[in-house]
Amino acid sequence: DLHALSAALHQCEIALHMGVLRDSSSWYFKFDHYAFPYLMQHGYQGFLPEQICHPAVIQLLQYDREHETQLYDTLKIYIQQQYNASECARKLYINRSSLLKRLERIEQLTGIRLPDVSERTYIALSYLIMEENQWPGEDGAWK
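Residues numbered from 1 in each chain as written. Predicted model: local features only at pLDDT ≥ 70, side-chain atom pairs only at ≥ 80, totals over all residues. Heavy atoms only, no water.

> Hey, could you run me through helix H6 (residues 85-92) in this one?
Taken together, the buried positions of H6 are occupied by Ala85, Cys88, Ala89 and Leu92. The buried side chains of H6 occupy one side of the element, clustering within an arc of 100° when seen end-on. Taking the backbone nitrogen of Ser86 as reference, a side-chain oxygen 3.1 Å away marks Asn84 as the first, capping residue of H6. Just downstream of H6, Tyr93 is the residue with a positive phi angle, here 60°. (Buried < 20%, exposed > 50% of the residue type's maximum accessible area, 1.4 Å probe, protein only. Helix = DSSP H or I, 4+ residues; strand = E, 2+ residues; numbered from the N terminus. Arc of directions from axis to C-beta. Polar contact = N/O pair within 3.5 Å; in protein donor to acceptor, adjacent residues only side chain to side chain.)

This is the structure:
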């Protein structure tokens, strides 16, 4: 489709640029392989991660620092394990009932509703943005 030619050219430029940065030994690059990393790098330009991330994620991080808990990591690992409580508990080296209590505490503290798909997606993206920006650093500042 000739109407989409400029978009295709832009995709090629993005794939080439990001492909060379991420894997310079490859001899071809497909936009589909770099679309999500591109969106992660450019989708929130102009904002600090603390301004664009889900407030619950920032709140959990602050709560953990004040109370020496692991709620931030608990939610992160729960998301990484695709909301599988048994697998998450295994990764955290705790029993399943302890994990469920932590998740209940997270919901009480933050007001998030994990059954809500859009909220879960926003929270997962927030963790990715924070990782992309290497925050929190050891001093708690953005790098």
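Next comes the rest of the description.
> Explain the confidence of the model for the protein to me, please; I cannot follow it from the model alone.
Interpreting fine coordinate detail is not advised for predicted regions of low pLDDT. Predicted confidence across the protein gives a mean pLDDT of 87, with 94% of residues reaching 70 or more. Mean pLDDT per element in the protein: helix H3 (residues 49-52) is the minimum at 80, and H6 is the maximum at 97. (pLDDT = per-residue confidence, 0-100.)

> So what exactly am I meant to see when it comes to the packing of helix H4 (residues 55-67) against helix H7 (residues 96-110) here?
Two packed helices can be described by the angle between their axes and the distance between those axes. It is at 10 Å that the axes of H4 and H7 come closest, and there the two elements cross at 110°. Comparing their axes, H7 and H4 come out roughly perpendicular. H4 and H7 meet at a crossing whose hand is right-handed. Of the residues in H7, those in contact with Ala56, Gln59, Leu60 and Tyr63 of H4 are Arg105, Ile106, Leu109 and Thr110. Broken down by class, the residue content of the contact of H4 with H7 amounts to 5 nonpolar, 2 polar and 1 charged. (Axes fitted to C-alpha atoms, helices over the stretch in contact; angles between N-to-C directions. Parallel < 35°, antiparallel > 145°, perpendicular 65-115°, else oblique. Left-handed = near helix turned anticlockwise from the far one by under 90°. Contact = heavy atoms within 4.5 Å. Nonpolar A, V, L, I, M, F, W, Y, C, P; charged D, E, K, R; others polar.)

> So what exactly am I meant to see when it comes to the packing of H6 against H7 here?
For the pair H6 and H7, the least separation of the axes is 9 Å and the interaxial angle reads 100°. Classified by the angle their axes make, H6 and H7 are roughly perpendicular. Here Ala85, Ser86, Cys88, Ala89 and Leu92 of H6 come into contact with H7, specifically with Arg96, Leu99, Leu100 and Arg102. Of the residues that constitute the contact of H6 with H7, the class distribution is 6 nonpolar, 1 polar and 2 charged.

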